[in-house]
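The residues making up each chain are set out below.
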Amino acid sequence: MLRLVSLKLGRLYRYVKLAVLGSLAAALVLNTHSLLASLQRNELSERRFLQLNKCPACWGTSWCRKFLNGQLRLESWGRLRLLDFFNVKNVYFARYGEPREGSRRVVLKRLGSAQELADIDTKICRRATGRGRCDLLQALPATEFASLNGDVRLLTPGAVEGWSDLVHCPSQRLLDRLVRRYAETKDSGSFLLRNLKDSERMQLLITLAFNPEPLVLQSFPSDEGWPFAKYLGACGRMVAVNYVGEELWSYFNAPWEKRVDLAWQLMEIAEQLTNNDFEFALYLLDVSFDNFAVGPRDGKVIIVDAENVLVADKRLIRQNKPENWDVWYESKFDDCDKEACLSFSKEILCARVTVDHNYYAICQNLLSRHATWRGTSGGLLHDPPAEIAKDGRLEALLDECANPKKRYGRFQAAKELREYLAQLSNNVR
């Protein structure tokens, strides 16, 4: 019965989507002249569209030459500004071309909605002048983003702690890594803040404060095996990352074997981000089907939304030994009636060495029967084959991983679930 209801809700969602698209098509027909003009322009080569005039209150300039030279073009529907009403997250798909290499698909992000970007300007103005509107370029020198200019040697925890999830509890080791790998400077490779230009320092700090996703992608790059989309560059308030593939959501009703493989990869990601040789624990604070994508060729699962990632330095925790630092922390199951719920304490994530948060987030919000998304239920591993359902082991492991009944039960369940999914998907390593 529950399965039938979820299917009906899923169909209703599709019908509503079709109705909206139909209305949009009618509006486009009535605005044919504007439509043709939009399709002929390449707004990605326009400084105003890129908000390049906001710099250094922007994300960077490393890709400006490519943007302004017309090497990037929005895909057909993305050129229609009428669609911006539906594109709340300001995410665009584009084609990027290099001489002799052909073109490839990339994803462009403004890193916030139109309102959120306007709020950035307002906050900068209020911090500098006490008013909501001002000349950004004149206001920036009076903010904390300019206070670290000049001969300041290092970016220190005391200067940026709590600015965003990424630096909720920063260590010097993490901040040195952020500066050393900062891609919006020609002097990358140095952890000395003073080696950056004043404008570059402000760009780094503003990105860190308002949406640190580009810094996560730069500091934990896919080229080194981290499960994040590849950062390409920025121009003004537009960043470019590589296109991974369709969202995980589109695989919700894929064949069972495919879904098992994806589930195994998700648990491997949870393990890698929790326990790695670098002793940085990267905790995913926002986990939903939209935050992951799957490569069409290699079938690899990649995190495509890394805005809400908290990084805890396990070495620093062991060194400082805060209260209960060596007590295993179990995340509390959140039985809410909304999508993608998670219950966590940032302070505890920052103060414990052994934490099960990532296993909990993946199991509860993506894999188990508790996962709900867009009117569906049952999670990615819904409707297993009869023999697996009859055996009951998969359901028991998923339940214990999402909502453990035993003390430290999630740690053991996550380990066994990874092994069991590897067997089912023939990914034993």
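Keep in mind it's a predicted model, so treat the numbers as computed, not measured. Residue numbering note: each chain is counted from 1, following its sequence as written. Local features are withheld for residues below a pLDDT of 70 in this predicted model, meaning they are given only at 70 or higher, and side-chain atom pairs are given and counted only at 80 or more; totals for whole chains, interfaces and linings count all residues. Water and hydrogen atoms were dropped before computing side-chain values, which therefore reflect all heavy atoms in the structure.

J.: Got a minute to help me understand the packing of helix α16 (residues 393-402) against helix α17 (residues 409-424) in this structure?
T.: A pair of packed helices can be characterised by two numbers: the angle between their axes and the separation between those axes. Axes here mean lines fitted to C-alpha atoms, for a helix over just the part in contact, with angles spanning 0 to 180 degrees between N-to-C directions. Going along the chain from the N terminus, every DSSP run of H or I of four or more residues is numbered as a helix, and every run of E of two or more is numbered as a strand. One can describe the packing of α16 onto α17 by two numbers: an axis separation of 8 Å at closest approach and a directional angle of 145°. Crossing hand, α16 versus α17: left-handed. Residues Arg 393, Leu 394, Leu 397, Leu 398, Glu 400, Cys 401 and Ala 402 of α16 form the contact with α17, whose participating residues are Gly 409, Arg 410, Ala 413, Ala 414, Glu 416, Leu 417, Tyr 420, Leu 421 and Gln 423. Looking at the contact of α16 with α17, its residues break down into 10 nonpolar, two polar and four charged. Here a crossing is called left-handed whenever its near helix is offset anticlockwise from the far helix by less than a right angle, and right-handed whenever the offset is clockwise. What makes two residues a contact is simply this: any of their non-hydrogen atoms within 4.5 Å. Only Asp, Glu, Lys and Arg are considered charged, only Ala, Val, Leu, Ile, Met, Phe, Trp, Tyr, Cys and Pro nonpolar, and every remaining residue, Gly among them, polar.

J.: Would you explain the sheet that holds strand β8 (residues 292-294) in this entry?
T.: Strand-to-strand pairing in sheets goes through backbone hydrogen bonds, with the strands running parallel or antiparallel. Strands sit in the order β6-β8-β9 across an open sheet of three strands; the sheet is antiparallel. Looking at strand neighbours, the two that pair on one side only are β6 (246-247) and β9 (301-303), the edges of this open sheet. Here, a strand pair is defined by DSSP locating no fewer than two bridges between the strands. Strand direction decides the pairing type here: β8 and β9, joined by three bridges, are antiparallel. Within β9, the residue paired with Phe 292 across the bridge is Ile 303. Packed onto the sheet, helix α11 (residues 256-274) meets β8 and β9 and runs at close to 45° relative to β9.

J.: Help me understand the confidence of the model for the chain in this model?
T.: Caution applies to low-pLDDT parts of the model: their predicted coordinates are not meant to be read in detail. The predictor attaches a confidence to each residue, and that confidence, scored 0 to 100, is pLDDT. Of all residues in the chain, 87% attain a pLDDT of 70 or more, and the chain-wide mean is 88. Considering only residues more than four positions removed or in separate chains, one finds that residues 1-9, a stretch of pLDDT under 50, has 10 contacts.

J.: Can you walk me through the pairing of strand β10 (residues 309-313) in this structure?
T.: With respect to burial, β10 is a largely interior element, five of its five residues being buried. Accessibility here uses a 1.4 Å probe with only protein chains present; expressed as a share of the type maximum, an area under 20% marks a residue as buried, one over 50% as exposed, and anything in between as partly exposed. Across the two faces of β10 the burial is the same, with Val 309, Val 311 and Asp 313 and Leu 310 and Ala 312 all buried. Here strand β7 (residues 280-284) pairs with β10 via five bridges, running antiparallel. From the neighbouring strand, Phe 280 faces β10, where its bridge partner is Asp 313.

J.: How should α16 be read in this particular structure?
T.: In an α-helix, one full turn covers 3.6 residues, which means residues spaced three or four apart are oriented alike. A large share of α16 lies buried, amounting to seven of its 10 residues. Looking only at α16, the buried set comprises Leu 394, Leu 397, Leu 398, Asp 399, Glu 400, Cys 401 and Ala 402. Along its buried surface, α16 packs onto α11, α14 (357-367), α15 (386-391) and α17.

J.: Where do I start with the environment of Ala 146 in this structure?
T.: Relative to the helices and strands, Ala 146 is located in the loop between α6 (136-139) and α7 (157-160). Remark: the alpha-carbon pair of Ala 146 and Ser 199, spanning 53 residues in sequence, is separated by 8.7 Å. Once residues within four sequence positions are removed from consideration, Ala 146 is found in contact with Leu 140, Pro 141 and Met 202.

J.: Which parts of the structure should I look at to understand the nonpolar core?
T.: One recurring pattern in soluble globular proteins is that nonpolar side chains are buried together. By nonpolar core is meant a set of buried Ala, Val, Leu, Ile, Met, Phe, Trp, Tyr and Cys residues that side-chain atoms within 4.5 Å join together. Counting residues in hydrophobic clusters, the biggest one holds 92 residues, and the most contacted among them are Phe 228, Met 267, Phe 292 and Leu 367. Looking at this core element by element, the count peaks at 10 residues for α11. Residues in contact with Phe 228, not counting those within four places in the same chain, are Val 216, Leu 217, Phe 220, Ser 222, Leu 273, Leu 282, Ile 302, Ile 303 and Ala 306. Formed by 20 residues, the second largest nonpolar core is a distinct cluster that contains Trp 63, Phe 67, Ala 94 and Val 106.

J.: Would you take a moment to explain the packing of aromatic side chains for this structure?
T.: In this description, a pair of aromatic rings is defined by centroid distance and the angle of the planes. Between the rings of Phe, Tyr and Trp (Trp by its six-membered ring), a pair exists once the centres lie within 6.5 Å; its type follows the angle of the planes, with under 30 degrees stacked, over 60 edge-to-face, and the other angles tilted. What the rule picks out here adds up to 16 aromatic pairs. A ring pair is formed by Phe 49 and Tyr 92, whose centres lie 6.2 Å apart and whose planes are at 65°; its orientation type is edge-to-face. One end of the pair, Phe 49, is in helix α3 (residues 47-50); the other, Tyr 92, is in strand β2 (residues 91-98), with 43 residues separating them in the sequence. The exposure classification of Phe 49 matches that of Tyr 92, with both residues buried. Between the aromatic rings of Trp 328 and Phe 411, the centroid separation amounts to 4.8 Å while the plane-to-plane angle is 55°, which identifies the pairing as tilted. With Trp 328 in the loop between α12 (314-320) and α13 (346-349) and Phe 411 in helix α17, the pair connects residues that are 83 residues apart, well separated along the chain. For Trp 328, a relative accessible area of 40% corresponds to the partly exposed category. Here Phe 411 falls in the buried class, since its relative accessible area comes to 14%. A connected cluster of aromatic rings, assembled from ring pairs, spans Phe 220, Trp 226, Phe 278 and Phe 280. A ring has a charge above it when a Lys NZ or an Arg CZ is no more than 6 Å from the ring centre and no more than 35 degrees off the ring normal. Lying across the ring of Phe 93, Arg 105 places its NZ or CZ 4.5 Å from the centre.

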